[in-house]
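Here are the chains, one letter per residue:
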Amino acid sequence: MTQDIVEIYPDGACKGNPGPGGWGVLLRFKGREKELFGGEQDTTNNRMELTAVIEGLAQLKRPCKVAVYTDSQYVQKGISEWIHGWKKRGWKTAAKEPVKNADLWQKLDALQAGHQISWHWVKGHAGHEFNERADQLANRGVEALNV
């Protein structure tokens, strides 16, 4: 990975789906790292996955080249494939149903606009060092709720 790319490793966790959930994100840039996490009492795993990416991108204060490594195919496919159709159809699915989590997809879409982002899927719980750290942060987000 070249030195001028911000790496973002997001993850979400949920104890029950829906249920108490947490998000975590690890940002890496030029040898520095930043860890963030948080949680919500009543949420879903997909909402936490999206929130983790949103919180990571929200840290960027200027246009950046970004590589996002997510273990969520929902996030990866949603932002790189499905979102184009959703926007054309006024945030409706191909079946004319409202897009689930449209509020978060719209936030993510707005946040990504100023950056050059490459989206990568990584297999979760497979020993990928930074994905595992993001998973630990997401679980800390759940634990911080004291549930």
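See the structure printed just above.
Since this is a predicted model, take the numbers as computed values, not measurements. (Residues numbered from 1 in each chain as written. Predicted model: local features only at pLDDT ≥ 70, side-chain atom pairs only at ≥ 80, totals over all residues. Heavy atoms only, no water.)

## Details of the pairing of strand E2 (residues 19-29)
In terms of burial, E2 is a largely internal element, ten of the eleven residues being buried. Direction of pairing for strand E1 (residues 5-14) relative to E2: antiparallel, over a ladder of eight bridges. Its bridge partner lying in E2, alanine 13 is registered against glycine 22. Hairpin remark: E1 followed by E2, antiparallel, with four residues in the connecting loop; positive phi at glycine 16, about 95°. Judged from the ten bridges that link them, E2 and strand E3 (residues 32-43) form a sheet pairing that is antiparallel. From the neighbouring strand, phenylalanine 29 faces E3, where its bridge partner is arginine 32. (Buried < 20%, exposed > 50% of the residue type's maximum accessible area, 1.4 Å probe, protein only. Helix = DSSP H or I, 4+ residues; strand = E, 2+ residues; numbered from the N terminus. Pairing = 2+ DSSP bridges.)

## Notes on helix H2 (residues 73-88)
Taking 1.5 Å as the rise per residue, H2 with 16 residues should run 22 Å; its terminal C-alpha atoms sit 22 Å apart, in good agreement. Its axis deflected by about 60° at tryptophan 82, H2 carries its strongest bend there. Along H2, the positions that sit buried rather than exposed are Tyr74, Val75, Gln76, Gly78, Ile79, Ile83, Gly85 and Trp86. Count one or two residues on from H2 and you reach glycine 90, which has phi positive near 70°. (Expected span 1.5 Å × (residues − 1). Bend = angle between axes of the 7 residues up to and from the residue.)

## A look at the sheet that holds strand E5 (residues 116-121)
Across the sheet, five strands lie side by side as E3-E2-E1-E4-E5; this open sheet has mixed pairing. The open sheet terminates on both sides in strands that have one partner only, identified here as E3 and E5. Within the sheet, the average angular offset between the axes of one strand and its neighbour, ignoring direction, is 20°. The pairing of E1 with strand E4 (residues 65-70) spans four bridges and is classified as parallel. In the sheet register, isoleucine 5 faces E4, and the bridge partner there is lysine 65. (Axes fitted to C-alpha atoms, helices over the stretch in contact; angles between N-to-C directions.)

Taken by themselves, the reported measurements are silent on function.
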